[in-house]
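Chain by chain, the residues:
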Amino acid sequence: MAADAYLPQGMELDRSERIHYGTQVRLSQTALKGREKCVTVGVQLKSRGKQESFTCAQSLDELAALAETAGMQLVGTVMQALDAPIASTYIGSGKVSEILSVLQGTGAKTVIFDDELSPAQQRNLERCFGGEAKGIKVIDRTALILDIFAQHAMTREGKLQVELAIYNYRLPRLTRMWKHLERQSGAGGVGLRGPGETQLEVDRRLIEKKLTYLKRQIDAIKTHRTRQRSARKRLGVPLVAIVGYTNAGKSSIFNALSSAHVMAEDMLFATLDTKTSIAELPGSLRLQPNILLTDTVGFISKLPTNLVAAFRSTLEEVAEADVLVHVIDASNPCRELQRKTVDRILAEILDGEQKPQVLVYNKADLLSVEDQRVVRAQFVKKQGDTQQVLVSAKTHSGLEDCFFALEQALRDLMMPVDFLIPFDQGQLVTEVHERGIVEKMEHRSAGTFLECSVPADLAFRLKAYRLDYVEGEDEDEDAPGAHDVGDVVEDERYWKQLAKKRPVL
Ligand SMILES: Nc1nc2c(ncn2[C@@H]2O[C@H](COP(=O)(O)OP(=O)(O)OP(=O)(O)O)[C@@H](O)[C@H]2O)c(=O)[nH]1
Ligand SMILES: [Mg+2]
């Protein structure tokens, strides 16, 4: 079955119809009228039990919020504990019968599995539940997330990215389905292919063509964005990306820090388009005040990597950022699991590279004084020099702490250097003042002496004027622009290593 066929009709929700239940979306009875009914199914795998991950019940709770966000009404939930999934139907035959009676009793026609199903499992289950004749659909968590993406994408790029993700999801399923049919009919051959197979083959080719087209379109936008980003970098403005679990309050923090007005909604995956805005730091650490802040797409547990990969603009912003602001919903009982999930996805997309993070525990206004104390107590346990703050994007409490933590993280990226800049290079002294922190300035006979901390790219560009510079110490013959003192060092790897004060390999 094609992924498109999974997509339920998008249904607009009136704000007044939303009632808040903790931080999860719950709908009133009037809002539920006419919605597509669904039943969710979760499996607690014993192999998964030992890992530190969401329990089956927690994951199903999240699946319920996803189903509601997609415009469905949850009428039943079925759970099973298994050593391993059953090959043909994922769950045991007893559970299949149980679900069948829930479907018959409630009139629901959609069954949503919390785990990814193979195409064969999906087909077998659909057949067990009455098949297409009865209008039964069996979908998995990925298809549900794709559906929400399809409903929420706004910009052209967002829509292209979602389309790419949907076709990526469809292709392996179609291909496998096609192979399966080929085997059934005795391995193809002229005149032996049934009409179904021919159609699938055509579908597969169409999808491949569509994928190429979409990738090309996205690449064109990407080129434009890369140009914009290098222009930003030339200005020397630090890049800060806001990342985090879906619904943690990233867009709200983005708005609070930058006075922008992006949509912040109590729904999962409200943001599917990255947005960048200029923000001004209060300057308590005498840093240059302007930073570029980017709001990104949220992450979620069990999000397939190729689905994350579809959101290239998010990936690029994260990869390019000097500092990540990791927003966590402090009021969510699963906050630590959500934080770890985000860290896991970040490690995957950054290929193990560590970026300085500011952990922003948000929604403090929803916590009791005692719970705030518990959250703060957890700060102490974290290792390293990660900055951690407890804030409320709603009431703006703790926002100064957040700014300060961000300044601290950006300051940590600076290199302490001593310059002696000739008097005829006065504009460089101004630039050091603008982009760095000057501790001491003296007018000497050979020029202006500056004891300061500056961003690594500036330290490198002005190395000819550094008094503390030892030839070869942080020089890389292969680094592009290494000898062009007047040019911005374009090579990212080189720049990042310098920024981390690590020797260049
Ligand atoms: N009470 C309270 N609610 C908040 C706070 N920050 C955000 N929210 C609410 O939490 C919900 C999600 O906020 P968003 O800013 O859209 O979250 P997000 O992380 O951008 O979500 P996605 O883009 O969907 O991943 C909205 O209903 C916000 O009003 C806060 O500090 N306190
Ligand atoms: Mg958002």
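Residues numbered from 1 in each chain as written. Chains lettered and ligands numbered in written order. Predicted model: local features only at pLDDT ≥ 70, side-chain atom pairs only at ≥ 80, totals over all residues. Heavy atoms only, no water.

**Structural notes on the sheet that holds strand β4 (residues 72-82)**
Next, step 1: Overall, parallel pairing links the 4 strands, which are arranged β4-β3-β5-β6 in an open sheet. For this open sheet the edge positions go to β4 and β6 (137-140), each flanked by a neighbour on one side alone. The sheet shows a mean angle of 25 degrees between the axes of neighbouring strands, taken without regard to direction.
Next, step 2: Across 4 bridges, the pairing between strand β5 (residues 110-113) and β6 is parallel. In the sheet register, threonine 110 faces β6, and the bridge partner there is lysine 137.
Next, step 3: Along the sheet, helix α3 (residues 56-70) contacts β3 (36-45), β4 and β5; its crossing angle with β4, the most-contacted strand, is approximately 155 degrees.
Next, step 4: The strands touched by helix α6 (residues 141-152) are β4, β5 and β6; relative to β6, the strand with the most contacts, the crossing angle is about 85 degrees. (Pairing = 2+ DSSP bridges. Helix = DSSP H or I, 4+ residues; strand = E, 2+ residues; numbered from the N terminus. Axes fitted to C-alpha atoms, helices over the stretch in contact; angles between N-to-C directions. Contact = heavy atoms within 4.5 Å.)

**Let's talk about the site of ligand 1**
Next, step 1: Taken together, 24 residues are adjacent to ligand 1, and Lys250, Ser252, Ala270, Thr271 and Asp365 come closest.
Next, step 2: A distance of 3.0 Å is found between a nitrogen atom of ligand 1 and a side-chain nitrogen or oxygen belonging to asparagine 362.
Next, step 3: Burial of ligand 1 by the surrounding chains reaches 89%, relative to a free accessible area of 650 Å².
Next, step 4: Of the residues forming the shell around ligand 1, the biggest block, 3 residues, is contributed by helix α9 (residues 250-258).
Next, step 5: Considering only residue class, the shell around ligand 1 consists of 9 nonpolar, 9 polar and 6 charged. (Near = heavy atom within 4 Å. Polar contact = N/O pair within 3.5 Å; in protein donor to acceptor, adjacent residues only side chain to side chain. Areas by Shrake-Rupley, 256 points an atom, 1.4 Å probe, with all protein chains shown as cover. Nonpolar A, V, L, I, M, F, W, Y, C, P; charged D, E, K, R; others polar.)

**Description of the pairing of strand β10 (residues 323-329)**
Next, step 1: Counting buried positions along β10 yields 7 of 7 residues, so the element is predominantly enclosed.
Next, step 2: On β10, burial covers both faces: Val323, Val325, Val327 and Asp329 on one face and Leu324, His326 and Ile328 on the other are all buried.
Next, step 3: When strand β7 (residues 239-244) meets β10, the two strands line up parallel, connected through 5 bridges. The residue bridging alanine 241 from the neighbouring strand is leucine 324, located in β10.
Next, step 4: Here β10 runs beside strand β11 (residues 357-362); their pairing, made up of 6 bridges, is parallel. Bridge pairing in β11 places valine 327 opposite valine 360. (Buried < 20%, exposed > 50% of the residue type's maximum accessible area, 1.4 Å probe, protein only.)

**Points about the coordination of the magnesium ion (ligand 2)**
Next, step 1: Coordination of the magnesium ion (ligand 2) by the protein is provided by Ser251 (OG) and Thr271 (OG1), with metal-donor distances spanning 1.9 to 2.2 Å. One end of the pair, serine 251, is in helix α9; the other, threonine 271, is in the loop between α9 and β8 (275-280), with 20 residues separating them in the sequence.
Next, step 2: Taking relative accessible area as the criterion, threonine 271 reaches 14% and is therefore assigned buried. (Donors = N, O, S within 2.8 Å, 3.2 Å for Na, K, Ca; no water.)

**Things to note about the packing of α3 against α6**
Next, step 1: Direction vectors running N to C along α3 and α6 enclose 35 degrees, while the axes themselves pass 9 Å from each other. Crossing angle aside, the handedness with which α3 passes α6 is left-handed. On α6, the residues touching Ser59, Glu62, Leu63, Leu66, Ala67, Thr69 and Ala70 of α3 are Arg141, Leu144, Ile145, Asp147, Ile148, Gln151 and His152.
Next, step 2: Looking at the contact of α3 with α6, its residues break down into 7 nonpolar, 4 polar and 3 charged. (Left-handed = near helix turned anticlockwise from the far one by under 90°.)

**Re the environment of glutamate 116**
Next, step 1: Mapped onto the elements, glutamate 116 comes out in the loop between β5 and α5 (119-128).
Next, step 2: For the pair glutamate 116 and arginine 376, spaced 260 residues apart in the sequence, the C-alpha separation amounts to 37 Å.
Next, step 3: Leaving out residues up to four positions away in the same chain, glutamate 116 has contacts with Tyr90, Asp140, Thr142, Arg173 and Pro304.
Next, step 4: A distance of 3.0 Å separates the side chain of glutamate 116 from the side chain of threonine 142, its partner in a polar contact.

**Re the UniProt feature "binding site: Mg(2+)" (unreviewed entry) in the protein**
Next, step 1: UniProt tags Ser251 and Thr271 as "binding site: Mg(2+)" (unreviewed entry). The greatest C-alpha distance among the annotated residues, which extend across 21 residues, is 7.6 Å, indicating that they converge on a single site.
Next, step 2: Discounting chain neighbours no more than four positions away, the residues touching serine 251 are Val262, Met263, Ala264, Thr271 and Asp295.
Next, step 3: Of the polar contacts made by the side chain of threonine 271, one reaches the side chain of serine 251; its length is 2.8 Å. (UniProt positions renumbered as here; feature names shortened; annotations may be inferred.)

**Considering the side chain of glutamate 157**
Next, step 1: Its place among the elements puts glutamate 157 in helix α7 (residues 156-184).
Next, step 2: When near neighbours in sequence (up to four residues on either side) are disregarded, glutamate 157 contacts Ile221, Arg225 and Ser313.

**Examining the sheet that holds strand β13 (residues 415-421)**
To summarise the sheet geometry, strands pair through backbone hydrogen bonds and adopt either a parallel or an antiparallel arrangement.
Next, step 1: Spatial strand order, β13-β15-β14: 3 strands in an open sheet with antiparallel pairing. The strands lining the two open edges of the sheet, one partner per strand, are β13 and β14 (437-444). The average angle at which neighbouring strand axes cross in this sheet is 10 degrees, direction not considered.
Next, step 2: As defined by bridge partners, β13 adjoins strand β15 (residues 447-454) across 7 bridges and the pair is classed as antiparallel. Across the sheet, the residue bridging to valine 417 is cysteine 452, located in β15.
Next, step 3: Across the sheet, helix α15 (residues 426-435) is in contact with β13, β14 and β15; its angle to β15 comes to roughly 25 degrees.

**A few points about the confidence of the model for the protein**
Close inspection of predicted coordinates is inappropriate in any region flagged by low pLDDT.
Next, step 1: Across the protein, the average pLDDT comes to 78, with 76% of residues at or above 70.
Next, step 2: Long-range and interchain partners of residues 175-196, a stretch whose pLDDT sits below 50, account for 22 contacts in this model, where long-range means more than four residues apart. (pLDDT = per-residue confidence, 0-100.)

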